[in-house]
Structure formats: structure tokens, C-alpha cells
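Spelled out, the chains give:
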Amino acid sequence: MRAIAPASPRRVVAKTDRMPKWFPFSVPSSRGCKPEVLMSSPAYVTEPTVVFLHQLLEDLARGYMQAPKFQREFVWSDDQRLELLQSIREGIPIGSILVWRTSRTDLRSLRAIGPHELAEPRPSPTSARTYILDGLQRLSTLYGCLRPLAEGLEPFTETEDGDERSWRVGYDLAEEEFTILKRDEQAKATWLPLPILHDSIQLLQFQRGLVEHPQFKEFVKRSDTLADAFRVYKLPVVPIATDDLAGATRTFERVNRQGTPMTELQMVRALTWQSDFDLEDQLEAIRDRLKPHGWEKIDLDVILRACKAAYDLDISTATPDALAERLKAEPQLIEEVASALECLVGWFSKRFRILSPLMVPYRVQTIILTDAIRRCRWPLDSAAEDELFRWFWLTTYTASFAGASGGRIQAMLRDAREIARGKKVPLDPDRAKIDLSTPARFVPRNVRVLSSAQRLAELGPLDLDGKPIYAFKQLAAAGPAAMVTIVQQRGASVSKGIANRIFPDADDRLRAQLLRDVTQVAPEILASHAISPEAARALREGNHEAFGHLRSKTIQARESAFLAALLPDLL
């Protein structure tokens, strides 16, 4: 739909202030002509406007079109990016871009897409603001791959997992395929960088560099064909015209249920978004409060589910819509959850010696205890505190949350609340079956490995000079993965379990001495690592299978003694 020019014939619109060609609104005249779309009218979708891809990317670069912060981060895989580029090369439709246009709402927007910094957001020449509701993953791919990189920036970003994502994307003229080069990969002479496709001078220079190649003419033809494919490619832009923020965010949530799945947090964030309320910012602020305690890596989903419990919603099955409605009605409960979580983290550190979320066997234990503390206020009386301590280790050693249904989890949530109020909760005999077996394999997140590592840390491991190793700090930083293998013998079952792991000293002297001559290690140092005299003898004799078996028995005895003192009615 072509935009109508401003009423004054004398005003000349500068090129930098041009009205985006996909702008869907007629400007009302003073003669009372009915506009096609009024910003105050109910939300509805106008006729799609088909525009050139390069024009859309240019409007994004100028700040005419923005990505609101309630959008999720870039999550597409390399294969998805390459497939999108191939679709454009072949002229296959890639779907429409859904945008929201508003004259009143000014949202915080993303300041970068891929490796590119974005211009300051600014309204279009009509003072309307435009936000992307659906299509950001596609536009991010195209913008990141096709736009020239500003001086001083690198074509690399970091993924949510901390890995490096490369934006060195090009087209191999010889193989006729799009490829992504990593940082240390060298580009072949036939590798055409995509950012030069819209720059005829740079494209010509690249083609001249192939003049000595036997397939020079064919490569020039292929590169021209590719450039033409991107130059003439069009896609529809569908605008929603409304000043209703709630309607816009709900539209975003609904359309993004399709395609790459959104997380629950992303959905709730979109549904609760306001110019002065960003749920993710709220949860990140809680993380910052926990940072001095070493809990800055707590999963935001744990905090979100603790909010569900605070609102009396099922922490496993409550929908994003239900949580969003409660958050909008009672946002102050987020602060109560944050305060309770701070109390819990301090208690974990002091009473449990659990110094980071990595050492909590089940994430739901954090959720349930946070809610119990919030409802009963901290500090609890000593008897209730002792009972919750027992509850924590009982649910750990009985694997109470392994495969537990939503109903079962809600029942244990109610139990914890009652315990925090000072009431006795009878044990469920069907759930009170303690397992002290040693896992055959060392899997750091395995609940039995976590609990065994905690018991080993409680022994106060010493280095070869008899000085503390500070095992709890090692566990806080890396979990049981901080422990190192003693016997590195392939094929031996001992090498796969926690019985073959110790907390390392600073220079790894202890492990070396254990293997070289264990008799030179003081008995009190061996005992601090749960290595009995019998196990030490087996290690000295090279009987590694016996060493693993004997040390497993020592670890199990340590755990059995811990539980006997804590839960005498079960052992």
C-alpha cells in the first residue's frame, strides 16, 4: 500500500526521513477524509505490503523498525540460518514479517542484532513507532549475514551456552552452497562474503580477483545470479495498528508458539510486558542480589516457578497465561520471593554447606523451600528448621522427585509448608526407601553423585602438606565435575565412578603421590579423602578394582552414618 504524502506541498522529505514503503497508514487530512487505519481504533491486521528485502533491512538499520526487549534472543542454529539463505537464493517464500505500529507506546528495544550495533530507535516520519512481533529470527539472520560490519567490530557473538557464534557467512561459488566459517578458518578464493552482494563495486572487485581461475566466467555468472536473487527478493510485511500494548504482546505470544519453541519465561515475559515492567529484568535483578552468595548462576526458571508457588499455582502445570495474570495483579509478590530466596541461600550456605545452585540435588527443592520460608517468615524456629533440614536430605536420598508427577510435587510442597509452620508430617512408607548404592558411572548432575560429593567435602580434604583444599568452594564453582580421576586406567570399572575421584590440590601433587607411592601419604590425609588403610594397600599393590570397591564401601559408610544421625527412624 503506497503511503500518502504529507498535506503541505512545500515540505520536501529528505532521503533520510523517507517514509518506509511498508508503512500501512493513510494520514488523515483536515478535510475530514476517513483514514484507512486509525491508531486509536481496535487492533486489526491491514493488507500485507510486499517490500524488497534490502529496503526492510535498511529501515531496521535506520531505526525506523525496532525489536522490543520482550523478544527472545537469537536462538537459530547454523543449519536454520543456511536453510533460510538457500530459500532466498531459490526464490522460495520465507513467510511474512508481523509488525506492531503504535503512536503512543515507546518500548525499550534491542541495541544489537547479531554482530551489528543498531541505530538509536526513532519514529518514522509520521511519528508512529514500529516493533517487530514475528520474524525476528529471520530478520536477525538476514541482517547479521548481509549487512556490512562496522569498523572495529568482529563477526562473532556469544550463544546462551557461552559458545562462539560466527557471522562469517558466504557462498562457495565452486561448491554452490552457503557456508559459515569459524574464527580460525581461512576463506577460499571462491568464497563470496554475503555483505558485498548489495555493493556493486565490492562485488566487481571480488569478481576481478577470480580472473585467473579456469572457471572465471562461470563464477562471475553465479555471483551475479546470487546478487540478483537477493536484490529482487521481496517479502510481505503485515502491520497491526493499535495502541493497546496488552493486545500486541498477546499477539506476539500467540504467533511465537509456532516455529522454534519459546520458553515459558519468554511467554510470560511477553504477556506481562509494560514500559515500566520487564519480567526478565526483575528476575535478573534477583540474580544480582544472590551474586554475593555465589548464586548468580541460578536458573531463571527456578525463580519463575517459585513465583508460581507464591501465587498458589501448580508449579509444574500452570500455564503462562495464568501466571501472567497473577503477576499483573500482584507484582509485589516477586519481591517477597526474592527475599525468601535470599534467606534460603544464606541457610544453604550456613547449615548445609551448599554454596551454589550446582550442588542442590533437585531444582524443585529450591522452589519448595523458598515458598515455605516466604509463607512462614524467616527465621524459622529451630525445630522447624531441623525438620526442613531432614526433609531436604530425606527427599534427596529417597529420590523423591525422580519422575515425580505434578500432583506428587504439589503434595510435597504442602508438606514443606506444614513443616515450616512447626507441624509434624508423617513419612510416606512408599517413599521412604533410602538408596546408598554407588552409581557405576560418574555423572556430575546425578543426585547420588551430588550427595556423595557433599559428604566427601564434609570430611575436610587435605593436600599433601596437610593444608585444607577447600572442597566446598570447588563444588560451588564446578559441582562434582571439580573432582579429578585418581586411576586413569581405560577399561577398568573403577575409573568410571566417584570412588575413583578426589578433590584436587593446587598443583596436583596429591594425586601423583597416591599413584607413585601411597605409603608416603600421611594416614590423616588419606582419611580426609575417605581412603581407608585397606584401600591404600590395594592401590599400592596396583589392584585398582579392589581399591575402587573398598573406597566405595567407605563412602557408603560415611553416608550411612550421616543418615543414621539425621533419620534414625529409617535406618
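Preceding this paragraph is the structure being described.
What you see is a predicted model, and the numbers here were worked out from it, not measured in a lab. (Residues numbered from 1 in each chain as written. Predicted model: local features only at pLDDT ≥ 70, side-chain atom pairs only at ≥ 80, totals over all residues. Heavy atoms only, no water.)

(A) Fine view of empty space enclosed by the protein. Applying the stated criterion across every chain yields a total of two cavities of 30 Å³ or more. Approximately 50 Å³ is the volume found for the largest cavity. Taken together, L60, G63, M65, Q66, A67, S109, L110, R111, L118, A119 and P121 form the lining of the largest cavity. A class-by-class count of the residues in the lining of the largest cavity yields seven nonpolar, three polar and one charged. By volume, the second largest cavity amounts to about 40 Å³. As for the second largest cavity, its lining consists of L456, P461, M483, R501, I502, F503, S528, H529 and R551. Residues that form the lining of the second largest cavity fall into these classes: five nonpolar, two polar and two charged. (1 Å grid on protein atoms, 1.4 Å probe; cavity = no way out; pocket = protein on both sides within 12 Å on 5 of 7 lines; lining within 4 Å. Points joined across faces, edges and corners; volume = space filled by probe spheres on them. Nonpolar A, V, L, I, M, F, W, Y, C, P; charged D, E, K, R; others polar.)

(B) A look at the packing of aromatic side chains. Tallied over the entire structure, the rule returns 17 aromatic pairs. With a centroid separation of 4.9 Å and an interplanar angle of 85°, the aromatic rings of W347 and F352 are classed as edge-to-face. You can call F352 buried: its relative accessible area is 2%. Measuring from ring centre to ring centre gives 6.3 Å for F352 and W393, while their planes differ by 35°; the resulting arrangement is tilted. In this pair, F352 is assigned in helix 11 (residues 333-352) and W393 in helix 13 (residues 382-397), connecting sequence segments 41 residues apart. Given the relative accessible area of 2%, W393 is considered buried. Three or more aromatic residues joined by ring pairs make a cluster, and in this case those are W295, W347, F348, F352, W378, F389, F392, W393, Y397 and F562. Lying over the aromatic face of F562, R455 brings its terminal NZ or CZ to 3.7 Å of the ring centre. (Phe/Tyr/Trp six-rings, centres within 6.5 Å; stacked < 30°, edge-to-face > 60°. Buried < 20%, exposed > 50% of the residue type's maximum accessible area, 1.4 Å probe, protein only. Helix = DSSP H or I, 4+ residues; strand = E, 2+ residues; numbered from the N terminus. Lys NZ or Arg CZ within 6 Å of the ring centre and 35° of its normal.)

(C) Just the sheet that holds strand 2 (residues 65-66), in detail. A sheet is described by the order of its strands in space; here five strands give the open sequence 1-12-3-6-2, paired in mixed fashion. In this open sheet, the two strands that pair with only one neighbour each are strand 1 (49-52) and strand 2. Pairing geometry for strand 3 (residues 97-102) and strand 6 (residues 129-134), over five bridges, is antiparallel. Following the sheet pairing, L98 is matched in strand 6 by D134. The sheet strands contacting helix 3 (residues 136-146) are strand 2, strand 3 and strand 6, and the helix crosses strand 6 at an angle near 105°. (Pairing = 2+ DSSP bridges. Contact = heavy atoms within 4.5 Å. Axes fitted to C-alpha atoms, helices over the stretch in contact; angles between N-to-C directions.)

(D) Region of interest: helix 9 (residues 300-310). With ten of eleven residues buried, helix 9 lies mostly within the body of the structure. Close packing links the buried residues of helix 9 with helix 7 (264-272), helix 8 (279-290), helix 10 (320-329), helix 11, helix 12 (363-376) and helix 14 (406-420). The N-terminus of helix 9 is capped by D299, whose side-chain oxygen sits 2.9 Å from the backbone nitrogen of D301. Where helix 9 ends, the next residue or the one after it, D312, has phi of about 60°, a positive value. (Polar contact = N/O pair within 3.5 Å; in protein donor to acceptor, adjacent residues only side chain to side chain.)

(E) Representation of the pattern of salt bridges within the structure. Applying the stated criterion to the full structure yields 40 salt bridges. The partner of D78 in a salt bridge is K182, with the nearest N and O atoms 3.4 Å apart. Separated by 104 residues along the polypeptide, D78 in helix 2 (residues 78-89) and K182 in the loop between strand 10 (177-181) and strand 11 (191-193) bring together distant segments of the chain. A relative accessible area of 36% means that K182 is categorised as partly exposed. A cluster of three or more residues bridged by salt bridges with shared partners is formed by D312, E336, D371, R374, R375 and R417. (Salt bridge = Lys/Arg side-chain N within 4 Å of Asp/Glu carboxyl O.)

(F) View of the environment of R375. Looking at the secondary structure, you find R375 in helix 12. Along the primary structure R375 and A420 are separated by 45 residues, whereas in three dimensions their C-alpha atoms are 8.4 Å apart. Those residues within four positions of R375 in sequence are excluded, and the remaining contacts are A309, A310, D312, R417 and R421. Of note is the side chain of R375, whose polar atom sits 2.7 Å from the side chain of D312. Side chain to side chain, R375 and D371 meet in a polar contact 2.8 Å long.

(G) Layout of the nonpolar core. Core analysis: the largest hydrophobic core is formed by 84 residues, its most contacted members being L279, F348 and F392. When sequence neighbours within four positions are dropped, the list of residues in contact with F348 reads W295, R353, I354, V360, T366, L369 and F392. Counting 46 residues, the second-largest nonpolar core is a separate cluster that includes M65, I88, L139 and W167. (Core = buried A, V, L, I, M, F, W, Y, C linked by side-chain atoms within 4.5 Å.)

(H) Here's a closer look at the environment of H54. Take H54: it is sitting in helix 1 (residues 53-62). Under the relative-accessibility criterion, H54 is labelled partly exposed at 32%. Note: C-alpha distance between H54 and L142 (88 residues apart in sequence) is 9.5 Å. Filtering out sequence-adjacent residues up to four positions away, H54 remains in contact with H198 and R231.

Honestly, that's just the spatial picture; any functional story needs more than this.
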